[in-house]
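A closer look at the structure
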Amino acid sequence: MQDTINGNQRIIDGLGQCSETGTVHHTVDSFGNAFHWFRLGTPRHLTRAAALLSETGARLCMVTAYNRRHLSEPMQEICYHFEVAGVIYNLTVILNGEWPVVPSITPFFANADWHEREMMELYGINVADHPNPRRLFLDESFERGILNQAVPLSIMMNGASTTDLWERILADREKQS
Amino acid sequence: MTSTAVNTFSIPLGPVHVALEEPVYFHLDVEGETIRKVELTSGHVHRGMEAMATQRNLTKNTTLTERVCSLCSNSHSFTYCMAAENVLGLDIPPRARYLRVLAEEIKRVASHLFNTAIQAHVIGFKSLFMHTMEVREIMQDVKETVYGNRMNLAQNCIGGVKCDLTPELLSYILDMVDKMEPGVEEIRELYATNSMVLGRTKGLGLLPKKDALRLGVVGPVARGSGINIDVRKDSPYAAYPELEFDTIVNDGCCIHSRTTVRLNEIFESFRLIRQCCRRVPEGPTKAPMRQIRAAEACARTEAPRGEVFYYIRTNATDIPARLKWRVPSYMNWEALGVMMKDCKVADVALITNSIDPCVSCTER
């Protein structure tokens, strides 16, 4: 494994300034590929970070929205994954409050369009100034943020059989007797 | 002025059988026969697989992710396993690295030939379609003989590979590649020179380099527009850093240049398969599992259609808190708007096929 972790110092410094202190870390996989992780305390810094990445010729790889409620924490996060010269820069944005809003990064990255539409329909995240906020995959008849309601199968199965069934069996037995 | 009003229509196309037997629905604004604007609606085969992934343990998710897509099934389990290994801090043994690359390149050959065959089918050149599929059948036989399956190889597992290949199987693969190469050479020649193929593909479905960069397209679609992008070279993984191969780039920006990239890549895959069969080191094929901590990691590989990206977040249990992936087709769909503009309605299926679309993996 190599001693130094590859990366563009200008991006690392720039994103580090947008991030919360003490949250920046760098990892490397077993093939020596570098990953840099940043956490923005507020979505307001996202536009500045996206502008910096856009200037350096970054490519948006993916956007992951997730709900920390699965980790028993009442908040949502979005992780933006960018690539510059084979190095991945991950930018996590923490969303707070009842109505999570992030600014759209489509002015800097045209391919953010689908990713943002997907997190709107799956996680109910509001994207400010999205150029085309239509549904991406799911029909309008589904509620927004359908994945926020996702219940683990084991919890859904617990108590799925209510007293109704038992009462019906008892009623049937009384009829027979 | 009135004639424009009369000749302008909005026509629906799809959702069934636009190019493949997979549903996607186009809204085309046409002026006579010429397309002016494209919008697409998808979601017909949305399966909610990302939600399913957070209800299964890490091992079960290898099986689930292999079923995201058919033609690049191996790339999904490969990248998922890499993401899981990154999050666990696992190093896979050298033999497993080579065997993973071997399976991946076998799948790439079959995938590229399938797309090329479908192009002949859409053009209406049935004999070329049949011929290409017949040559591809050799690779299907290899998959069936070596891995026991023609589609989902089930080769990857967290920590290495499941199926260790005997020297006999490795020499069998080398023989089959030798048998197949002249066939593919012939197909490449046909696609490069046949007037019927060239008439329908050359200079059509243009994606200028500027738009390709703006839309962040990946794989042969990007490389067919002159962008030198290949995860195997840009951030080498598995055995790729030790193997010799070239990235194929073509700056024709049209359907034909994308096909040329795919056909030439098959020969690079042959090179890789041969090197893997000859150089694969002896040793174990799996590394033992480690303790799962709360962590996050990502991984990416070059699938036949382009970059696959996986993100995993664990919460110290064996069930991931979040597993997200982005397939190459996801980035390439939007490019269709650029490619189809000012083309004829009759070319829509051909242009759609030229991005080698996969609907089921786009929607997951």
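Here the structure is shown first, and the text comes after it.
Summarised in this report is the structure supplied together with it.

Thresholds, definitions, all that
- Residues numbered from 1 in each chain as written.
- Chains lettered and ligands numbered in written order.
- Predicted model: local features only at pLDDT ≥ 70, side-chain atom pairs only at ≥ 80, totals over all residues.
- Helix = DSSP H or I, 4+ residues; strand = E, 2+ residues; numbered from the N terminus.
- Expected span 1.5 Å × (residues − 1).
- Bend = angle between axes of the 7 residues up to and from the residue.
- Buried ≥ 20, exposed ≤ 12 C-beta atoms within 10 Å, placed from the backbone.
- Contact = placed C-beta atoms within 7 Å.
- Nonpolar A, V, L, I, M, F, W, Y, C, P; charged D, E, K, R; others polar.
- Pairing = 2+ DSSP bridges.
- Axes fitted to C-alpha atoms, helices over the stretch in contact; angles between N-to-C directions.
- Arc of directions from axis to C-beta.

Some thoughts on helix α6 (residues 126-147) of chain B
Residues and elements named next belong to chain B. Under the 1.5 Å per step criterion, the end-to-end length of α6 is 30 Å for 22 residues, consistent within 8% with the ideal 32 Å. Within α6, the axis deviates most sharply at glutamate 137, by approximately 25°. Within the sequence span of α6, burial applies to Leu128, Thr132, Val135, Arg136, Met139, Val142, Lys143, Val146 and Tyr147. In this structure, the buried residues of α6 make contact with α5 (94-123) and α7 (167-193). At the exit of α6 stands glycine 148, carrying a positive phi of roughly 90°.

Focus on the interface of chain A and chain B
Each partner contributes to the interface: chain A provides 31 residues, whereas chain B provides 29 residues. Elements supplying a minimum of two residues to the side of chain A that touches chain B: β3 (59-67), β4 (76-84), β5 (87-95) and α3 (112-123) of chain A. In terms of residues, the side of chain A that touches chain B owes the most to one element, β3 of chain A, which gives 6 residues. Broken down by class, the residue content of the side of chain A that touches chain B amounts to 19 nonpolar, 8 polar and 4 charged.

Let's talk about the sheet that holds β3 of chain A
Residue and element names in this part refer to chain A. Strands sit in the order β1-β2-β5-β4-β3 across an open sheet of 5 strands; the sheet is mixed. Looking at strand neighbours, the two that pair on one side only are β1 (25-28) and β3, the edges of this open sheet. Adjacent strand axes in the sheet meet at a mean angle of 20°, parallel and antiparallel pairs treated alike. Docked against the sheet, helix α2 (residues 46-55) engages β2 (34-40), β4 and β5, running at close to 165° with respect to β5. Along the sheet face, α3 touches β3 and β4 and points at about 5° away from the line of β3.

Focus: α2 of chain A
An α-helix turns once every 3.6 residues. As a result, residues three or four positions apart point the same way. All names here are of chain A. Among the residues of α2, Ala49, Ala50 and Leu53 are the ones counted as buried. Here the buried residues of α2 occupy an arc of 100° about the axis, which is enough to place them on one side. Buried-residue contacts for α2 involve α1 (9-18), β2, β4 and β5. Directly after α2, the chain includes glycine 57, whose backbone phi takes a positive value near 75°.

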